[in-house]
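Here's the letter readout for the chains.
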Amino acid sequence: MKRSPIVRLGFMLLVLSAAVIGRAWDAVGHGMVNQLALAALPADFPAYVKEPDAVARLSFLANVPDRWRNVDPWLKNPGPSWTDHFLDLEQLTYAGLDPLTVPSHRMEFAVAFAAGRAAHVDKFPRIDPARNVDQTRQWPGFSPWAMAEWTQKLRSAFAYLKAYEEAGGTPEEIANSRQDVIHAMGVLGHYVADASQPLHTTDNFNGWYSDNPNGYTKWNGIHSWVDGGFIAKARITPDSLRPRIVPSEPLGYLARADGRDPIFVAVMDYLLAQHALVEPLYRMEKDGLLGNGDLPVTPEGRAFIEGQLLKGGQMLASLWITAWKSAPVDSYLLSQLARRQAAAPVLSNP
């Protein structure tokens, strides 16, 4: 299953304006979501994240998962890591799984899905081996698992930073740990932004090819248009959206009776909410409201695309805040730092 990132505008560069060649248009939407998330952070969030160099780095990091596949042939589209960018929710149903109860552990889910696919093979399209050399087409995508895992990596980064800050870490150790925090924040933003684009949640990701009684478009350019063509044509910018951002709140992090990771449950709910917008999005295209081709940018189309970018920014900020507030102090690192201090020579007064 192939996927476009939220803002792949390489093609649009050629179509819309030769003057913008050389600018990072393919990363515009991703960078925008990270910038909007920064605007949604509370005043007491760690200040180093809001410094100019960190802000610039967070915008750059927003598109790193798309760049990973540019060199290594095993990461090329769709590629093993590319399945982290989407989840075709219909395939869970085909396999007899309920998205509201699927395991939050990636490998446990993979085993359950593989068994469900084998048991209901007649419900899945045949896989062409020639187009599956990377062995990814038998999977529905792992978007919510990627979001939850990167949030947990961010919690870990905050945890060991706290240990260094509280127990005698060197300035270099603290600075490096802060860079790790920023890196995890930025990469997490990519997957959250992907999930805010409804076409990253469906089999009908680039034209409606399942049962189509309503006659929705089969145009294989709709994904890239929603990803970035509309943003460019409507001239949507972070500055135009930032005034509409409200402070985000942390997500619940209490242990669940079913044992599932509460962060995973929250991001799955977020993805399901975007999936509910797939058919309304196709209906808008059918009604000529998405501004593609010679059609004008409409208020309805603008409201939809801007709304999704804002949702991505708000959700990302909530995950950042949750990771920060729920992170413990790394107890193992504390013990190692205590040993180091105990072993340090005591300097006597001259």
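Conventions and cut-offs
Residues numbered from 1 in each chain as written. Predicted model: local features only at pLDDT ≥ 70, side-chain atom pairs only at ≥ 80, totals over all residues. Heavy atoms only, no water. Helix = DSSP H or I, 4+ residues; strand = E, 2+ residues; numbered from the N terminus. Contact = heavy atoms within 4.5 Å. Areas by Shrake-Rupley, 256 points an atom, 1.4 Å probe, with all protein chains shown as cover. Buried < 20%, exposed > 50% of the residue type's maximum accessible area, 1.4 Å probe, protein only. pLDDT = per-residue confidence, 0-100. Axes fitted to C-alpha atoms, helices over the stretch in contact; angles between N-to-C directions. Parallel < 35°, antiparallel > 145°, perpendicular 65-115°, else oblique. Left-handed = near helix turned anticlockwise from the far one by under 90°. Nonpolar A, V, L, I, M, F, W, Y, C, P; charged D, E, K, R; others polar. Phe/Tyr/Trp six-rings, centres within 6.5 Å; stacked < 30°, edge-to-face > 60°. Salt bridge = Lys/Arg side-chain N within 4 Å of Asp/Glu carboxyl O.

Turning to the overall build of the chain, a few remarks are in order. Looking only at helices and strands, the chain has 14 helices and zero strands in total. Along the chain direction, N to C, the helices and strands of the chain fall in the order α-α-α-α-α-α-α-α-α-α-α-α-α-α. Nonlocal contacts in the chain, meaning residues at least 24 apart in sequence, comprise 79% of its contacts between residues at least 6 apart. For the chain, the computed accessible surface area is about 16400 Å², with 58% contributed by carbon and sulfur atoms.

We now examine the environment of Gly-229. Of note, Gly-229 is situated in helix 9 (residues 222-234). Put simply, Gly-229 and Gly-291 are 62 residues apart on the chain and 9.1 Å apart in space, counted from C-alpha to C-alpha.

We now examine the environment of Ala-115. Along the chain, the position of Ala-115 falls in helix 6 (residues 106-119). Look at Ala-115 and you get partly exposed, because its relative accessible area is 47%. Separated by 19 residues in the primary sequence, Ala-115 and Gly-96 have C-alpha atoms spaced 9.6 Å apart.

A separate point is the confidence of the model for the chain. Averaged over all residues, the pLDDT of the chain equals 89, while 89% of them reach at least 70. Across residues 1-25, confidence stays below pLDDT 50; counting only partners more than four residues off in sequence or on other chains, it has 71 contacts.

Contact geometry for helix 7 (residues 143-166) and helix 8 (residues 171-196): axes closest at 9 Å, N-to-C directions at 165°. Classified by the angle their axes make, helix 7 and helix 8 are roughly antiparallel. When you trace helix 7 past helix 8, the crossing you get is left-handed. Within the contact of helix 7 with helix 8, the residues separate by chemical class into 18 nonpolar, four polar and four charged.

This part is about the packing of aromatic side chains. Counted according to the given criterion, the structure contains 14 aromatic pairs. The interplanar angle of 90° and the centroid separation of 5.5 Å between the aromatic rings of Tyr-94 and Phe-124 together place this pair among those described as edge-to-face. In this pair, Tyr-94 sits in helix 5 (residues 89-94) while Phe-124 sits in the loop between helix 6 and helix 7, placing the two residues 30 residues apart along the sequence. Tyr-94 gets classed as partly exposed once you look at its relative accessible area, which sits at 25%.

As enumerated under the stated definition, the model contains ten salt bridges in all. Of the charged contacts, one joins Arg-244 and Glu-306 as a salt bridge, the two residues approaching to 2.7 Å between their closest N and O atoms. Here Glu-306 lies in helix 13 (residues 299-326) and Arg-244 lies in the loop between helix 10 (238-241) and helix 11 (262-275), a separation of 62 residues in the sequence. Look at Arg-244 and you get partly exposed, because its relative accessible area is 44%. The class for Glu-306 is buried, based on a relative accessible area of 7%. The salt bridge partner of Arg-283 is Glu-279, with a shortest N-O separation of 3.9 Å.

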